[in-house]
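# Reading the structure
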Amino acid sequence: MRNLQSAVKRALLDAKMDLQDIDAIAATCGPGLIGGVIVGTMFAKGLASAAKKPFIAINHLEGHILTARLTSDITFPYLSLLVSGGHCQFIAVLGIGEYKILGETLDDAVGEAFDKTAKILGLGFPGGPIIEKLAMIGRHDAYILPLSMTDRSGCDMSFSGLKTAVRRIVEEERNLSKEFIQNICASFQYTIGEILSSRAINAIEMFEKMCHPPHDKNFILSGGVAANMYLRKKLQYAISNHGFNLIAPEISLCTDNGAMIAWAGCERLKLGKVDDLSFCPKARWSLEDLTK
Ligand code: KG4
Ligand code: ZN
């Protein structure tokens, strides 16, 4: 709570603005660890009430999938792949608050798989950026890892088998040399890329059935894992054969940040979608629950 006060003060100072210059107060109200979500929601409600400004409750995932509209001129509908530490979903984004989940992970999220694999290899946290760097030097064909669910219809995914396969290889290896770690990182990242690319093609087919062209055929990569340049390139290549264009926010806007929540607030405010101060923070909150 103390940190929130100073963060708000500093943000206003940096923007050379006063609280009265602000149009509305938007805050993440879920999903996530409920302690932090409650603190943020309560603080935002207090601020909105004291400053007599509208309050807007933002779903964290909605923040991620709308961010690309902050930096690029993108119209609805579009297909989004949200890949973060807690989520991995293909979403048909039909409008503000109109979301249809086409497929999702049945176990670990992609970011979680990066983090857990980094832990198995004795690397730091978060694992994503570290693995991406080491993978640049390694051989992606050094280890053949499982391409879980890529032979199935639909676009659900699974990553826990991949993590387990890495654990087995690591347990069998006596010497965790630099070269071994680079090779396993490259093989792991390559396999993630293969799974996401193959599932993306199915997601595109499902999206095209739901949203008949013409539309702009935009594929928005969002969430912390979207910061990965290798995965961006690989997905771009895979979907371009289907006429889709990959758009990903700049790296600082991919991992969790306040701007994405403020932007989702702007989008909602423009449509008059504001919330009551009685809004309850939620630990679980599916994007599909936003469709009224
Ligand atoms: O969206 P985010 O900041 O927080 C959640 O909402 O979860 O995503 C964090 C996740 C972490 O699991 C982190 O390892 C992953 O994003 N990540 C990356 C990269 N940068 C962050 N994964 C792969 N490559 C990266 N460069
Ligand atoms: Zn996030």
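Look a little higher up for the structure.
Summary of the structure given here. (Residues numbered from 1 in each chain as written. Chains lettered and ligands numbered in written order. Predicted model: local features only at pLDDT ≥ 70, side-chain atom pairs only at ≥ 80, totals over all residues. Heavy atoms only, no water.)

## Topic: the packing of aromatic side chains
The full count for this structure, using the stated rule, is six aromatic pairs. Both rings, one in Tyr-143 and one in Phe-180, keep their centres 5.9 Å apart while their planes meet at 80 degrees; by these two values the pair is edge-to-face. Pair noted here: Tyr-143 is in the loop between helix H6 (127–135) and helix H7 (160–172) and Phe-180 is in helix H8 (residues 178–210), with a separation of 37 residues, a long-range link. Residue classification places Tyr-143 among the partly exposed residues on the basis of a relative accessible area of 22%. A cation over an aromatic ring shows up here: Lys-282 above the ring of Trp-285, its NZ or CZ 5.5 Å from the ring centre. (Phe/Tyr/Trp six-rings, centres within 6.5 Å; stacked < 30°, edge-to-face > 60°. Helix = DSSP H or I, 4+ residues; strand = E, 2+ residues; numbered from the N terminus. Buried < 20%, exposed > 50% of the residue type's maximum accessible area, 1.4 Å probe, protein only. Lys NZ or Arg CZ within 6 Å of the ring centre and 35° of its normal.)

## Structural notes on the site of ligand 1
The immediate surroundings of ligand 1 are formed by 20 residues, with Gly-85, Asp-115, Glu-132, Gly-224 and Asp-256 found nearest. The separation between an oxygen atom of ligand 1 and a polar main-chain atom of Gly-111 is 3.2 Å. In this structure, Asn-228 approaches ligand 1 through a side-chain N or O atom, which is 3.1 Å from a nitrogen atom. When ligand 1 sits alone it has 550 Å² of accessible area, and the protein chains cover 87% of it. Broken down by secondary-structure element, the contributors of at least two residues to the shell around ligand 1 are helix H3 (60–66), helix H5 (110–120) and H6. At four residues, the largest contribution of residues to the shell around ligand 1 is made by H6. (Near = heavy atom within 4 Å. Polar contact = N/O pair within 3.5 Å; in protein donor to acceptor, adjacent residues only side chain to side chain. Areas by Shrake-Rupley, 256 points an atom, 1.4 Å probe, with all protein chains shown as cover.)

## Focus on the pattern of salt bridges
In the structure shown here, the tally under the stated rule is nine salt bridges. The closest approach of N and O atoms between Lys-100 and Glu-288, which form a salt bridge, is 3.4 Å. Linking Lys-100 in strand E5 (residues 98–104) with Glu-288 in the segment after helix H11 (258–270), this pair joins segments that are 188 residues apart in sequence. Overall, the relative accessible area of 36% leaves Lys-100 in the partly exposed class. Classification of Glu-288 by relative accessible area gives partly exposed; the value is 30%. A cluster of three or more residues bridged by salt bridges with shared partners is formed by Asp-108, Glu-112, Lys-116 and Lys-163. (Salt bridge = Lys/Arg side-chain N within 4 Å of Asp/Glu carboxyl O.)

## Details of the sheet that holds strand E4 (residues 88–95)
What holds strands together in a sheet is hydrogen bonding between their backbones, with the strands either parallel or antiparallel. Strand order in the open sheet formed by five strands is E5-E4-E3-E6-E7, and the pairing between neighbours is mixed. The outermost strands of the open sheet, each flanked by one partner alone, are E5 and strand E7 (245–247). Neighbour to neighbour, the strand axes of the sheet diverge by 25 degrees on average, direction disregarded. Where strand E3 (residues 78–83) and E4 come together, six bridges link them in antiparallel fashion. Counted as the bridge partner of Val-83 is Cys-88 from E4. Sheet contacts for H8: E3, E4, E5 and strand E6 (218–222); angle to E4, the most-contacted strand, approximately 25 degrees. Contacting E3, E6 and E7, helix H9 (residues 229–240) runs over the sheet at an angle of about 155 degrees to E7. (Pairing = 2+ DSSP bridges. Axes fitted to C-alpha atoms, helices over the stretch in contact; angles between N-to-C directions. Contact = heavy atoms within 4.5 Å.)

## Thoughts on a nonpolar patch on the surface
Taken together, the side chains of Met-1, Ile-34, Ile-38, Val-39 and Met-42 define a hydrophobic patch exposed on the protein surface, amounting to about 400 Å² of accessible area. Residue placement: Met-42 occurs in helix H2 (residues 34–51). (Patch = residues over 30% accessible without salt bridge, like charges linked within 9 Å, V, L, I, M, F, W, Y side chains within 5 Å.)

## Let's talk about the packing of helix H1 (residues 2–14) against H2
Packing of H1 against H2 brings their axes to within 11 Å, and their N-to-C directions diverge by 50 degrees. One element, H1, and the other, H2, form an angle in the oblique class. Helix-helix and strand crossings are classified by hand; for H1 and H2 the assignment is right-handed. Contact residues: H1 offers Leu-4, Gln-5 and Val-8, while H2 offers Val-39, Gly-40, Phe-43 and Leu-47. (Parallel < 35°, antiparallel > 145°, perpendicular 65-115°, else oblique. Left-handed = near helix turned anticlockwise from the far one by under 90°.)

## Topic: H9
End to end, H9 covers 16 Å across twelve residues, agreeing with the expected 16 Å (1.5 Å per residue, within 8%). Along H9, the residues that are buried comprise Leu-231, Arg-232, Lys-234, Leu-235, Ala-238 and Ile-239. Buried residues along H9 sit in contact with E3, H5, H8, E6, E7 and helix H10 (251–254). You can read the cap of H9 off the contacts: a side-chain oxygen lies 3.0 Å from the backbone nitrogen of Tyr-230, and it is on Asn-228. (Expected span 1.5 Å × (residues − 1).)

## What about the side chain of Glu-62?
Along the chain, Glu-62 turns up in helix H3. Judged by relative accessible area, Glu-62 falls into the buried class, the value being 0%. Dropping the residues within four chain positions of it, Glu-62 is found in contact with Ile-96, Gly-97, Tyr-99, Arg-268, Leu-287 and Leu-290.

## Let's talk about the coordination of the zinc ion (ligand 2)
Those donors, His-60 (NE2), His-64 (NE2) and Asp-256 (OD), are the protein atoms that reach the zinc ion (ligand 2), and they lie 2.0 to 2.2 Å from it. In the primary structure, the donors to the zinc ion (ligand 2) are separated according to the pattern H-x3-H-x191-D. Placement of His-64 in helix H3 and of Asp-256 in the loop between H10 and H11 is noted, with a sequence separation of 192 residues between them. Residue His-64 is classed as buried on the basis of its relative accessible area of 2%. Note on Asp-256: relative accessible area 54%, which makes it exposed. (Donors = N, O, S within 2.8 Å, 3.2 Å for Na, K, Ca; no water.)

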